[in-house]
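Understanding the architecture of this molecule
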Amino acid sequence: MENGGGILLQTEKRDPLRIGSTEKKNQGSSCKKDSCPNKKDVSPKLGNSTSTSRDLENNNDKSSNFRTSSSVTIKNVPSIIDLPQLEEAISVFGKVSKAFKRSVPNGLDCCDIEFKTIKSCKTALSSGCLTIENFNLAICPLQSLETVTIRLSNISSATAYSAIHSTCASCGPLEGLVRTKEDVVVALFSVKGEEDTKSIIKRLNSAVIDESNWSAHLHDSEAPFVEMTDNADPEDDLGLQISERMADLKSEIVLSSICIEDLEYLHHSLLHLENHARDPFADDVVVLTEENFEKEVGQDRGALVEFYAPWCGHCKKLAPEYEKLGASFKKAKSVLIGKVDCDEHKSVCSKYGVQGYPTIQWFPKGSLEPKKYEGPRTAESLAEFVNTEGGTNVKIATVPSNVVVLSADNFDEVVLDATKDVLVEFYAPWCGHCKNLAPTYEKVATAFKLEEEVVIANLDADKHKDLAEKYGVSGYPTLKFFPKGNKAGEDYDGGRDLDDFVTFINEKCGTSRDGKGQLTSKAGILESLDALVKEFVAASNDERKAVFSKIEEEVEKLKGSTARYGKIYLKAAKSCMEKGAEYPKKEIERLQRMLDKSISPAKADEFTLKKNILSAFA
């Protein structure tokens, strides 16, 4: 509780790990091999951390040499997760050029990752988290931090270690802690600079715990790093107790990490919602507020401003078009494309007479007297208006297509690939039916863009007449399907609505997507394992091991994407044996909560597959 602006804490338990404790000292004579400190060096050097590195480009392996623009930090990594596992998992966002893992005194590891491209780094940061072996790990920007050592004295002998740890952790990012005397503690904190250090020391000096007012100051670097009590044996007491205490803390933190993983995910999801752009162009529209409106608008450039409300359906429909407009005019120095959230900044909207949403107004250079836009709400029409008013000549940027464009150079490589199912549209640029099909066909390609074995492609048959003739194309558009097992091709005679295409591809390719590209409840389910799962669920605890072995045998027979699903089955069965019958139900509920948040499509696929497969065990 607070006391005069400081921290006041009453504790009840004595510290079970008191340096010089007779009970603990006696236990030290039978320490385990792996937990005993080196007899030649028992002083704990808290400032040092063990590290593992993998330099994929023969570069220096120190994380301080990482390019911060293309690097991230994965925090709170349990020691059971090794560097190769982290590299494999993080590579879903892009190719990794360098990785560095360090074990810090807080009991959990950190891993710094440098990607080959800045784009991969941004993708990883927008995801916000990584799931490995049921641990949810935060992905954060790589920051250059330093560690400072602070000496705390005048600590009451009645104050428990846990109370000291909690208090220090509340004052700043605590990295390590050692109680060197009854009334003295040495603590390590991560700081960005001198101001952080001063702030931490100020808070620690205000701490009043068990009627003792703490005294905190920077540790003298020339003094021995750890002071020991007169009755403390340096070999059998101090080193052992610190080693064991750090091991205990590590276990406690790992357990806490599991217990609070839902809160961590919620936090990352909220950050993702706040920072993640709705599409690649969203950052190109300037966000205007009560504070910056007149600094940005009415100055040395013209401005088109959308006044909107987040809940407005028409505003949502306009959003992608307006964001395309912003991307197109990004480099036009004489024009600003901006927007104002009228729910947040009512005074601005009221000042400029906004009565409905969306309202779009043009503010000429040097003027705050707007002209209302009354034209169509398409990127092209808006661009034409801005070009006229602002004297510019900007064309709308096009969104990258997910349809693979075929030519004589790549046709055989793409279409005749025996590992891919390929749908090809043979079209002509002048064909009206082809133009009408184009938006739907793009949606089909987008829906299946995460399916590595499915390709949605098109070929300009007017330009490549020899290929069109080879495959019997006599009208446009003609659609042909080239499955893995029939590269001669077969005609597509189905409907041309999005749902018609999606149903066809799911049936022919064994996929389970809907029109939005999301996995359905059937995704990942393998009929070949269903009977064994039912047998597993019905079996007793002793019998489950035998059934688990049968599942392993069946999984080994699987190939391609089914092999991936098989591994999820095995993990689910193993977790059921280790965590009990309630595990599937609780895990399904947790995964559903994650799916209800704003997460990347790749993460949504991962969670949906796990949820679907776990449903067979529930």
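The preceding data block contains the structure.
Think of each chain on its own: its residues are numbered from 1, step by step along the sequence as written. At least 70 in pLDDT is required for a residue's local features to be given in this predicted model, at least 80 for side-chain atom pairs to be given and counted, and no such filter applies to totals for whole chains, interfaces and linings, which use all residues. Computation of side-chain values: all heavy atoms of the structure, hydrogens and water removed.

**Re the overall build of the protein chain**
As a reminder of what qualifies: Only DSSP runs of H or I covering at least 4 residues are called helices, and only runs of E covering at least 2 are called strands; the numbering of each starts at the N terminus. Buried residues are those whose accessible area, probed at 1.4 Å on protein chains only, stays under 20% of the maximum for their type, while exposed residues exceed 50% and partly exposed ones sit between those limits. Pairs of residues are marked as contacts when any of their non-hydrogen atoms sit within 4.5 Å. Using a 1.4 Å probe, the Shrake-Rupley method yields the accessible areas, and only the shown protein chains count as cover for residues.
Of regular secondary structure, the protein chain possesses 20 helices and 24 strands. Looking at the protein chain as a whole, 47% of its 618 residues qualify as buried. Intrachain contacts of the protein chain at a sequence separation of at least 6 include 72% that bridge at least 24 residues. Per element, the accessible surface of the protein chain, about 32,800 Å² overall, is 49% carbon and sulfur.

**Brief notes about the pairing of strand β11 (residues 184-191)**
Here is the rule: A pair of strands is considered paired only if DSSP assigns at least 2 bridges between the two.
With respect to burial, β11 is a largely interior element, eight of its eight residues being buried. Every second residue of β11 is oriented toward a common face, with V184, V186, L188 and S190 on one face and V185, A187, F189 and V191 on the other, all of them buried. Note that strand β10 (residues 174-181) and β11 share six bridges and pair antiparallel. Within β11, the residue paired with R179 across the bridge is V185. Remark: two residues form the turn of the hairpin made by β10 and β11, two consecutive strands paired antiparallel.

**Focus on the pattern of salt bridges**
Applicable threshold: For this document, the term salt bridge refers to a Lys or Arg side-chain nitrogen within 4 Å of an Asp or Glu carboxyl oxygen.
Under the defined criterion, the tally for this structure stands at 20 salt bridges. The partner of E490 in a salt bridge is K508, and the shortest N-O contact between them spans 3.3 Å. With E490 in strand β24 (residues 490-491) and K508 in helix α15 (residues 498-509), the pair connects residues that are 18 residues apart, well separated along the chain. Here K508 falls in the partly exposed class, since its relative accessible area comes to 44%.

**Side note on the packing of aromatic side chains**
To keep things clear, this is the line we draw: Here a pair means two rings of Phe, Tyr or Trp (six-membered ring of Trp) with centres within 6.5 Å. Their orientation is stacked below 30 degrees between planes, edge-to-face above 60, and tilted elsewhere. Throughout this description, the term charge over a ring refers to an Arg CZ or Lys NZ atom that lies within 6 Å of the ring centre and within 35 degrees of the ring normal.
Summed over the entire model, instances satisfying the criterion amount to 19 aromatic pairs. Considering the side-chain rings of Y352 and F363, the 5.2 Å spacing of their centres and the 90° angle between planes classify their relative orientation as edge-to-face. Here Y352, found in the loop between α10 (346-351) and β18 (359-363), pairs with F363, found in strand β18; they are eleven residues apart in sequence, far enough to count as distant. For F363, a relative accessible area of 0% gives the class buried. Residues W430 and Y476 carry aromatic rings whose centres are separated by 5.8 Å and whose planes lie at 80° to one another, so their mutual orientation is edge-to-face. Linking W430 in the loop between β21 (421-427) and α13 (432-447) with Y476 in the loop between α14 (465-470) and β23 (478-482), this pair joins segments that are 46 residues apart in sequence. You can call W430 exposed: its relative accessible area is 57%. Site record: aromatic cluster; members linked through ring pairs are Y441, F481, Y492, F501 and F504. One cation-aromatic arrangement involves R544 over F536; the distance from NZ or CZ to the ring centre is 4.7 Å.

**Thoughts on the packing of α13 against α15**
Two numbers describe a pair of packed helices, the interaxial angle and the distance between the axes. As a reminder, the rule being used: The convention used is that axes are lines fitted to C-alpha atoms, helices contributing only their stretch in contact, and that angles between N-to-C directions extend from 0 to 180 degrees. The cut-offs work like this: below 35 degrees is roughly parallel, past 145 is roughly antiparallel, 65 to 115 is roughly perpendicular, and the gaps in between are oblique. Each crossing is labelled by how the near helix is turned from the far one, with a counterclockwise turn of less than a right angle marking it left-handed and a clockwise turn marking it right-handed. Three residue categories are used. Nonpolar comprises Ala, Val, Leu, Ile, Met, Phe, Trp, Tyr, Cys and Pro, charged comprises Asp, Glu, Lys and Arg, and polar comprises the others, including Gly.
At a minimum axis separation of 9 Å, α13 and α15 run at an interaxial angle of 40°. Judged by the angle between their axes, α13 and α15 are oblique. The hand of the α13/α15 crossing is right-handed. Facing α13, whose interface residues are L437, T440, K443 and V444, α15 presents L498, F501 and I505. Its residues assigned to classes, the contact of α13 with α15 comprises five nonpolar, one polar and one charged.

**Brief notes about the pairing of β23**
Within β23, five of the five residues are buried, leaving the element largely enclosed by the surrounding structure. Both faces of β23 are covered, namely the face carrying T478, K480 and F482 and the face carrying L479 and F481. Two strands pair when backbone bridges link them, and β21 and β23 are joined in this way by five bridges, in the antiparallel orientation. Looking at the pairing, F426 lines up with T478 of β23. In this sheet, β24 lies alongside β23 in antiparallel orientation, the contact comprising two bridges. Counted as the bridge partner of F481 is E490 from β24.

**So, the state of the cysteines**
Note the following rule: Criterion for a disulfide: a pair of cysteine sulfur atoms at a distance within 2.5 Å.
Summed over the entire model, instances satisfying the criterion amount to one disulfide. There is a disulfide in this structure between C342 and C349, and the S-S distance comes to 2.0 Å. Here the S-S torsion is close to -90°, and the disulfide linking C342 with C349 is therefore left-handed. Note on C342: relative accessible area 2%, which makes it buried. Owing to a relative accessible area of 4%, C349 belongs among the buried residues under this scheme.

**With respect to the sheet that holds strand β17 (residues 335-341)**
Across the sheet, five strands lie side by side as β15-β17-β16-β18-β19; this open sheet has mixed pairing. Edge positions in the sheet fall to β15 (286-288) and β19 (371-372), since each of these pairs with one other strand and no more. With two bridges connecting them, β18 and β19 associate as antiparallel partners. Of the residues in β19, the one forming a bridge with W362 is K371. On top of the sheet, helix α9 (residues 313-328) reaches β16 (302-308), β17 and β18; it is set at about 160° to β16, its chief contact. Sheet strands touched by helix α11 (residues 379-390): β16, β17, β18 and β19. Its angle to β18, the strand with the most contacts, is close to 20°.

**Some details on helix α18 (residues 561-579)**
Just so we agree on the cut-off: By this rule the span expected of a helix is its residue count minus one, scaled by 1.5 Å.
Under the 1.5 Å per step criterion, the end-to-end length of α18 is 27 Å for 19 residues, consistent within 8% with the ideal 27 Å. For α18, the secondary structure elements touched by its buried residues are α16 (527-538), α17 (541-556), α19 (583-595) and α20 (601-615). Positive backbone phi, approximately 95°, marks G580, located one or two places after α18.

**Here we look at the side chain of S212**
Relative to the helices and strands, S212 is located in strand β13 (residues 212-213). Discounting chain neighbours no more than four positions away, the residues touching S212 are N154, S156 and A207.

**Thoughts on the sheet that holds β24**
Backbone-to-backbone hydrogen bonds pair the strands of a sheet. The strands run either parallel or antiparallel. One open sheet holds the five strands; their spatial order is β20-β22-β21-β23-β24, and the pairing between them is mixed. Every interior strand has two partners, whereas the edge strands, β20 (404-406) and β24, have only one. Each of β21, β22 (454-460) and β23 touches α13; the most contacted strand, β21, lies at about 165° to it. Lying over the sheet, α15 contacts β21, β22, β23 and β24, oriented at roughly 20° with respect to β23.

**Description of a negative patch on the surface**
Condition: Only residues whose relative accessible area exceeds 30% and that take part in no salt bridge are eligible for patches, with like-charged residues grouped when within 9 Å of each other and nonpolar side chains (Val, Leu, Ile, Met, Phe, Trp, Tyr) grouped when within 5 Å. Counted as positive: Lys and Arg. Counted as negative: Asp and Glu, with His and the chain ends omitted from the count. Charge positions come from single atoms, namely NZ of Lys, CZ of Arg, CG of Asp or CD of Glu.
Taken together, the side chains of E290, E291, D343 and E344 make up a negatively charged region of the molecular surface. Checked against the element boundaries, E291 lands in the loop between β15 and α8 (293-296).

**Observations regarding α19**
For an α-helix, the turn length of 3.6 residues means that residues three or four places apart are oriented alike. The test is simple: Directions drawn from the helix axis to the C-beta atoms are what define this arc.
With 13 residues, α19 extends 18 Å between its outermost C-alpha atoms, agreeing within 8% with the 18 Å of an ideal straight helix rising 1.5 Å per residue. Buried within α19 we find Y583, P584, E587, I588, R590, L591 and M594. Along the long axis of α19, the arc covered by the buried residues comes to 165°, so they all point the same way. The exposed residues of α19 that point more than 90 degrees off its buried face are K585 and K586.

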